[in-house]
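# A look at the structure
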Amino acid sequence: MSKPTATETALIKKAADRSAVFGVVGLGYVGLPLAVEIADAGYRVIGFDVQRRVVDTVNAGRSHIQDVPTERLAPLVKAGRISATADPAALAKADVISICVPTPLSKTRDPDVSFVLAAADAIGGVVRAGQAVILESTTYPGTTRELLMPRLQKTGLTVGEDVFLAFSPERVDPGNPIWQTRNTPKVVGGVTPACNRVLRALYGPVFDTLVPVSSPEAAELVKLLENTFRSVNIGLVNEMAIVCDKLGVNVWEVIEAAATKPFGFMKFTPGPGLGGHCIPIDPHYLAWKMRSLNYKTRFIEVAGEVNSEMPLFWVRKVGDRLNDLSRAVRGSKILVVGVAYKKDIDDLRESPALDVIRLLHQQGAEVSYHDPYIPALDEDGEHLESVPLTKERVAGSDCVVIVTDHSSLDYGMIRANARAIVDTRNVLRG
Ligand SMILES: NC(=O)c1ccc[n+]([C@@H]2O[C@H](COP(=O)([O-])OP(=O)(O)OC[C@H]3O[C@@H](n4cnc5c(N)ncnc54)[C@H](O)[C@@H]3O)[C@@H](O)[C@H]2O)c1
């Protein structure tokens, strides 16, 4: 084992007495909950975000993220444990910088690492000996070493001696009341053993359990495996939904019965398709990387194809229900219930509801929607606002399509008043 440098020892001491200052880059769904946990562990946090609105909201002690109650954020801001800034120069004061910026796909479905690069450049402008940098954004294996490391070393600093670098995937599950940032085990993969030692000291007080792995590439792949696992298994049950439909069998009955097997089966449920910032996107980061190495990741491709066909599958069901009423889709009033990408959250990103609405519009339907968490949306050039979920609205619609099964909605009322229902989540149970 290499002897710890004085810089490593000093940073570990700053972790022990909590005098280390954290910078969190990107105060969104991942960054803000992380900032709160870090502050709760006793550190001071400087949040850096490029959006002025986000910075002002946080500095006013208000939370713009559903999983972070304002009552939890406000006292931390008031006590000076969390502050926000739009000035990247403020990161010079941070001993540790956690990067939580978006990693979307480009129009051609290739990784768009421009936000990571912008953050890395901002950090590269302030980096000094004695800092640690942790990338949290989901990305392809190699990003930490290939994109971040050169920017930290360009001023002559050496990673593992003067500065410390690691990848630690964020695993937040928005809306999950049990598994939150602190109690979800945190994987960390440093570039060198010294980076792992420093990370363990810094993040140890923040998370209940740390899971060190031997490299940033391993940590990057952990996240991609987790999300590819979900995408593939959701793809499998979605295909099973199509299979059961063709065979005239109730897919949910089959899945519930299969799930009684106490070993060797894990329950996934079919639905309108994938949504959110992670599962529809992350596997493509791996597929892209492997294409560059001349390897085609077949499971990822097939799951992506099946999952992205689901909105069309359900829109066809709307056509079938309307046909039973001797109506065409064109000119019919369709009420979409739930548009967030999953239940009980306010996130619309990549939501399959948007595809459902677009496909129905294309067929000439008059679409309205209700979602208690999403007051308005824009899709396909149309601006829609959530309508109240009333008996009259339900009864006045030709078909109700339940896309997101928010817990607070009155499904009994929908069942009692709708002329036709397409239930993509089995919330009406059969
Ligand atoms: N949302 C989730 O459930 C989730 C879960 C696990 C992992 N992730 C991953 O975490 C990362 C962040 O996702 P998110 O959902 O928090 O995104 P988000 O869009 O909610 O937040 C990102 C924030 O970063 C800011 N930002 C963008 N570029 C910046 C820059 N150069 N400097 C400073 N701030 C910048 C944006 O203004 C925004 O406030 C992504 O890689 C995502 O895949 C997300």
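Our subject in this report is the structure included herewith.

### Topic: the sheet that holds strand 9 (residues 333–337)
Taking strand neighbours across the sheet as the criterion, the 4 strands line up as 10-9-13-14 in an open arrangement whose pairing is parallel. Here the strands that pair on one side only, and so sit at the sheet edges, are strand 10 (366–370) and strand 14 (421–423). Taken pair by pair, the neighbouring strands of this sheet meet at an average axis angle of 20°, ignoring direction. As paired strands, strand 9 and strand 10 are joined by 5 bridges and run parallel to one another. Bridging from a neighbouring strand, I334 pairs with V367 of strand 10.

### Quick word on the pattern of salt bridges
Under the criterion given, the structure shown has 24 salt bridges. Between K186 and E136 there is a salt bridge, with its nearest N and O atoms 2.5 Å apart. Here the residue K186 occupies a position in strand 7 (residues 186–190), and E136 occupies one in the loop between strand 5 (132–135) and helix 6 (143–153), the gap between them amounting to 50 residues. Each of the two residues, K186 as well as E136, counts as buried.

### Some remarks on a nonpolar patch on the surface
Judged by side-chain polarity, M240, V243, L247, V249 and V254 come together as a nonpolar surface patch covering roughly 390 Å² of accessible area. For the nonpolar patch, the element with the highest residue contribution is helix 8 (residues 216–247), accounting for 3 residues. The residue V254 is located in helix 9 (residues 251–258) in this model. For V254, a relative accessible area of 36% puts it in the partly exposed group.

### So, the site of the ligand
Around the ligand there are 26 residues in total, and V30, D49, Q51, T103 and T138 lie nearest to it. Backbone polar atom of Y29 to an oxygen atom of the ligand: 3.0 Å apart, as the coordinates give it. Within the side chain of R349, a nitrogen or oxygen atom sits 3.0 Å from an oxygen atom of the ligand. With the chains in place, 92% of the 830 Å² that the ligand exposes on its own is no longer accessible. If you tally residues by element for the shell around the ligand, the top one is helix 5 (residues 114–124), at 3 residues. Of the residues contributing to the shell around the ligand, the split by class is 15 nonpolar, 7 polar and 4 charged.

### Considering helix 6
Turning to helix 6, its buried residues are T143, T144, L147, L148, M149 and L152. Looking at the buried positions of helix 6, the neighbouring elements they touch are strand 4 (96–99), helix 5, strand 5, strand 6 (164–167) and helix 8.

### Let's talk about the packing of aromatic side chains
Taken as a whole and judged by the stated rule, the model has 8 aromatic pairs. On the basis of an interplanar angle of 55° and a centroid distance of 4.7 Å, the ring pair of F22 and Y43 is categorised as tilted. Of the two residues, F22 is situated in strand 1 (residues 21–25) and Y43 in the loop between helix 2 (31–40) and strand 2 (44–48); the sequence distance between them amounts to 21 residues. Among the residues examined, Y43 registers a relative accessible area of 0% and is labelled buried. Here F22 and Y203 contribute two aromatic rings whose centre-to-centre distance is 6.2 Å and whose plane-to-plane angle is 10°, an arrangement assigned as stacked. Of this pair, F22 sits in strand 1 while Y203 sits in helix 7 (residues 193–203), placing them 181 residues apart in sequence. Following the ring pairs from residue to residue traces out a cluster consisting of F22, Y43, Y203 and F207.

About the thresholds
- Residues numbered from 1 in each chain as written.
- Predicted model: local features only at pLDDT ≥ 70, side-chain atom pairs only at ≥ 80, totals over all residues.
- Heavy atoms only, no water.
- Pairing = 2+ DSSP bridges.
- Helix = DSSP H or I, 4+ residues; strand = E, 2+ residues; numbered from the N terminus.
- Axes fitted to C-alpha atoms, helices over the stretch in contact; angles between N-to-C directions.
- Salt bridge = Lys/Arg side-chain N within 4 Å of Asp/Glu carboxyl O.
- Buried < 20%, exposed > 50% of the residue type's maximum accessible area, 1.4 Å probe, protein only.
- Patch = residues over 30% accessible without salt bridge, like charges linked within 9 Å, V, L, I, M, F, W, Y side chains within 5 Å.
- Areas by Shrake-Rupley, 256 points an atom, 1.4 Å probe, with all protein chains shown as cover.
- Near = heavy atom within 4 Å.
- Polar contact = N/O pair within 3.5 Å; in protein donor to acceptor, adjacent residues only side chain to side chain.
- Nonpolar A, V, L, I, M, F, W, Y, C, P; charged D, E, K, R; others polar.
- Contact = heavy atoms within 4.5 Å.
- Phe/Tyr/Trp six-rings, centres within 6.5 Å; stacked < 30°, edge-to-face > 60°.

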